[in-house]
Amino acid sequence: TLRSSDLVMGGAAQLNLNRTDTIFTRLRDALAETPLAGQYRLLAALLAVAAVVAFLSFFLNTRLGLSIRATGDNPDMVRSSSVDPRFTTMVGLCVSNAFTGLSGCLLSQSQRSVSIDIGSGMVTIALASLLIGRTLMGKGGIFRRAVGMVFGSFLFRLVYTVALRFHMPAYMLKLISSVIVVLAIFIPYLTQQRALLRRIMGQKQAAAQSRKGGAA
């Protein structure tokens, strides 16, 4: 069977990109005599993130994009609307895997090396970023959700950076990821329960005041 490393990395498990022309080297050369000469990595990342957010905001509001979103919520309803959920699922997987490949390319070109296991653990990071972004930005349109995902990933990596600054052992990082995911899941639930508790308390107070008024 043909492996992905045979197609992308020439059969090697690791690849050195120090002598390879990348998007970062081209951007560095283009900004060599400008005030942004030392920020070419950050600028490339910002451009990539802005392009992805813009594409998602446009694509997921089209008819096909709405069908993909509806498939995730209720495949039976999509099927009853004469749309094949298998097709929308396949398109959604193609788009998500394209973004995964884009992020892998940018990461490998930025660190000038690529390994076959470069994406290990990214599912947990993506889940935590999504949950954190939803907690920060709340529910809304696709643009708001995409921006929340970006802020969530930034905050997730910020927590990692703070942990490393305090010289926390590397084997504790997975525990930190788990704690972040649990907190990201628990905080929205706690917020909902607090709002429900306030509503119940408000109803009880209103009922008590009405009984006092009737007694008077």
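Keep in mind that this is a model prediction, so the values were computed, not measured.

J.: Where do I start with the pattern of salt bridges in this structure?
T.: Note that side chains of opposite charge can pair when their charged atoms are close. All told, the structure shown has three salt bridges when counted by the stated rule. The shortest N-O distance in the salt bridge between D29 and R28 comes to 3.7 Å.

J.: Could you clarify how one ought to interpret a nonpolar patch on the surface in this entry?
T.: Side chains of L136, F151, F154, L155, L158, V159, V162 and F166 sit close together on the surface and give an oily, nonpolar patch of about 770 Å² of accessible area. Among the elements that line the nonpolar patch, the one with the most residues is helix 8 (residues 142-165), at six residues. Structurally, L155 can be placed in helix 8.

J.: Sorry, what's going on with helix 8 here?
T.: Residues three or four positions apart in an α-helix share a direction because the helix packs 3.6 residues into each turn. If you check helix 8, its first and last C-alpha atoms are 35 Å apart, about what 24 residues at 1.5 Å a residue would give, namely 34 Å. Among the residues of helix 8, I142, A146, V147, G148, G152, F156, Y160 and A163 are the ones counted as buried. H167, located one to two residues past helix 8, shows a positive phi value of around 60 degrees.

J.: Quick question: what am I supposed to make of the environment of V159 here?
T.: Looking at where V159 falls in the secondary structure, it is placed in helix 8. Residues V159 and L173, 14 residues apart in the sequence, show an inter-C-alpha distance of 9.9 Å. Aside from chain neighbours lying at most four places away, what touches V159 is I176 and I180.

J.: Is there a simple way to think about the packing of helix 7 (residues 122-137) against helix 8 in this case?
T.: One way to put it is that helix 7 packs onto helix 8 with a least axis distance of 7 Å and a crossing angle of 120 degrees. The pairing of helix 7 with helix 8 is recorded here as oblique in orientation. Of the two possible hands of crossing, helix 7 and helix 8 adopt the one that is right-handed. From helix 7, M122, I125, A126, A128, S129, L130, I132, G133, L136 and M137 reach across to helix 8, where they touch R144, V147, G148, M149, F151, G152, S153, L155, F156 and R157. By residue class, the composition of the contact of helix 7 with helix 8 is 13 nonpolar, five polar and two charged.

Cut-offs and rules
Residues numbered from 1 in each chain as written. Predicted model: local features only at pLDDT ≥ 70, side-chain atom pairs only at ≥ 80, totals over all residues. Heavy atoms only, no water. Salt bridge = Lys/Arg side-chain N within 4 Å of Asp/Glu carboxyl O. Patch = residues over 30% accessible without salt bridge, like charges linked within 9 Å, V, L, I, M, F, W, Y side chains within 5 Å. Areas by Shrake-Rupley, 256 points an atom, 1.4 Å probe, with all protein chains shown as cover. Helix = DSSP H or I, 4+ residues; strand = E, 2+ residues; numbered from the N terminus. Expected span 1.5 Å × (residues − 1). Buried < 20%, exposed > 50% of the residue type's maximum accessible area, 1.4 Å probe, protein only. Contact = heavy atoms within 4.5 Å. Axes fitted to C-alpha atoms, helices over the stretch in contact; angles between N-to-C directions. Parallel < 35°, antiparallel > 145°, perpendicular 65-115°, else oblique. Left-handed = near helix turned anticlockwise from the far one by under 90°. Nonpolar A, V, L, I, M, F, W, Y, C, P; charged D, E, K, R; others polar.

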